[in-house]
Amino acid sequence: MVNNASNGGEQAAGTDAKSEASAQGPGIHVLGQYIKDLSFENPSAPNSLRPASANPSLDVNVNVNARPIADGQFEVELKLDAKASRGDETLFVTEVVYAGLFQIRNVPQEHLHPIILIECPRLLFPFARQILADATRQGGFPPLMIDPVDFAALYRQRAAQAQADAPTTA
């Protein structure tokens, strides 16, 4: 029987934590997830809740931001906001900023940015979507079920925009 080092015994060769971490493959670990901001406004209540013959127009926006926290740890924020209106009347405005703390290990540097801005928000999305659905339902409206988001397309669009905004040298 081999005792572990914390009990004063000898540790088996090649099983220290550092070699175990480097021997593992790439990984994304969710260390925590949380609401950073949540708002729901029903500015025309109770008139906004009356039956109407026309469906409201709905404007939904999705944004992703990330920042490093520590070595290999990143906070990723997924912001979903929606506005429903009927003509000039605003029925509701809602927003959630849902974030996660992710540990990303053993990923080549060239793959890190896409993982942070595609895979991490993909993991957060179902939770943020449910929060908005619950908020609109509690506000007196049918639950707002946002369609799934293609975060890879959003990433490519953002990269193309950044490239277009970059100054060109002559």
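Please read these numbers as outputs of a predicted model, since none were measured by experiment.

1. Some remarks on the nonpolar core
Stage number 1. Val76, Leu78, Leu80, Val96, Ile104 and Ile116 are the most contacted members of the largest nonpolar core, which totals 29 residues.
Stage number 2. Counting residues per element, the ones that place at least two in this core are strand E3 (73-86), strand E4 (89-105) and helix H2 (109-138).
Stage number 3. With 11 residues, the top contributor of residues to this core is H2.
Stage number 4. Setting aside residues up to four positions removed in sequence, Val76 forms contacts with Val64, Asn65, Ala66, Tyr98, Ala99, Gly100, Phe102, Ile116, Cys120, Pro121 and Leu124.

2. What about helix H3 (residues 151-165)?
Stage number 1. Between its terminal C-alpha atoms H3 stretches 21 Å, which fits the 21 Å expected from 15 residues at 1.5 Å a residue.
Stage number 2. Where H3 begins, one side-chain oxygen reaches toward the backbone nitrogen of Ala152, 3.2 Å away; that side chain belongs to Asp150.

3. A closer look at the pairing of E3
Stage number 1. The buried count for E3 comes to 10 of 14 residues, which makes it a mostly enclosed element.
Stage number 2. Pairing geometry for strand E2 (residues 57-70) and E3, over 13 bridges, is antiparallel. Among the inter-strand pairings, Ala70 is bridged to a residue of E3, identified as Gln73.
Stage number 3. Between E2 and the antiparallel strand that follows it, E3, lie 2 residues; Gly72 among them carries a positive phi value of about 80°.

4. With respect to the packing of H2 against H3
Stage number 1. Here H2 crosses H3 at 140°, and the two axes come no closer than 9 Å. Relative to H3, the element H2 is oriented oblique. Two packed elements cross with a definite hand, and for H2 against H3 that hand is right-handed. Between H2 and H3, the contacting residues are His113, Pro114, Leu117, Ile118, Pro121, Arg122 and Phe125 on the first element and Phe151, Ala152, Tyr155 and Arg158 on the second.
Stage number 2. Class assignment for the residues of the contact of H2 with H3 results in 8 nonpolar, 1 polar and 2 charged.

5. Remarks on a nonpolar patch on the surface
Stage number 1. On the surface, Ile28, Val30 and Leu123 cluster together to form a nonpolar patch covering roughly 200 Å² of accessible area.
Stage number 2. Along the chain, Leu123 falls in helix H2.
Stage number 3. Leu123 gets classed as partly exposed once you look at its relative accessible area, which sits at 33%.

6. Notes on the side chain of Glu95
Stage number 1. Note that Glu95 resides in strand E4.
Stage number 2. Other than its neighbours up to four places away in sequence, Glu95 contacts Asp37, Leu38, Ser39, Lys79, Leu80, Asp81 and Leu132.

7. Some points on H2
Stage number 1. Its 30 residues give H2 an end-to-end C-alpha distance of 43 Å, which sits within 8% of 44 Å, the value for a rise of 1.5 Å per residue.
Stage number 2. Considering bend angle alone, the principal kink of H2 is centred on Ile115 and spans about 45°.
Stage number 3. Residue Gly140 follows H2 closely and has a positive phi angle near 100°.

8. Observations concerning the packing of aromatic side chains
Stage number 1. Applying the stated criterion across every chain, the model contains 5 aromatic pairs.
Stage number 2. Arranged with centres 6.4 Å apart and planes meeting at 55°, the rings of Phe40 and Phe141 form a pair that is tilted. With a gap of 101 residues between them, Phe40 in strand E1 (residues 27-41) and Phe141 in the loop between H2 and H3 connect regions that are remote in the sequence.
Stage number 3. Residue classification places Phe40 among the partly exposed residues on the basis of a relative accessible area of 26%.
Stage number 4. Both rings, one in Tyr98 and one in Phe127, keep their centres 6.3 Å apart while their planes meet at 20°; by these two values the pair is stacked. Of this pair, Tyr98 sits in strand E4 while Phe127 is found in helix H2, placing the two residues 29 residues apart along the sequence.
Stage number 5. Taking the relative accessible area as the measure of exposure, Tyr98 reaches 7% and is therefore buried.

Definitions and limits used
- Residues numbered from 1 in each chain as written.
- Predicted model: local features only at pLDDT ≥ 70, side-chain atom pairs only at ≥ 80, totals over all residues.
- Heavy atoms only, no water.
- Core = buried A, V, L, I, M, F, W, Y, C linked by side-chain atoms within 4.5 Å.
- Buried < 20%, exposed > 50% of the residue type's maximum accessible area, 1.4 Å probe, protein only.
- Helix = DSSP H or I, 4+ residues; strand = E, 2+ residues; numbered from the N terminus.
- Contact = heavy atoms within 4.5 Å.
- Expected span 1.5 Å × (residues − 1).
- Polar contact = N/O pair within 3.5 Å; in protein donor to acceptor, adjacent residues only side chain to side chain.
- Pairing = 2+ DSSP bridges.
- Axes fitted to C-alpha atoms, helices over the stretch in contact; angles between N-to-C directions.
- Parallel < 35°, antiparallel > 145°, perpendicular 65-115°, else oblique.
- Left-handed = near helix turned anticlockwise from the far one by under 90°.
- Nonpolar A, V, L, I, M, F, W, Y, C, P; charged D, E, K, R; others polar.
- Patch = residues over 30% accessible without salt bridge, like charges linked within 9 Å, V, L, I, M, F, W, Y side chains within 5 Å.
- Areas by Shrake-Rupley, 256 points an atom, 1.4 Å probe, with all protein chains shown as cover.
- Salt bridge = Lys/Arg side-chain N within 4 Å of Asp/Glu carboxyl O.
- Bend = angle between axes of the 7 residues up to and from the residue.
- Phe/Tyr/Trp six-rings, centres within 6.5 Å; stacked < 30°, edge-to-face > 60°.

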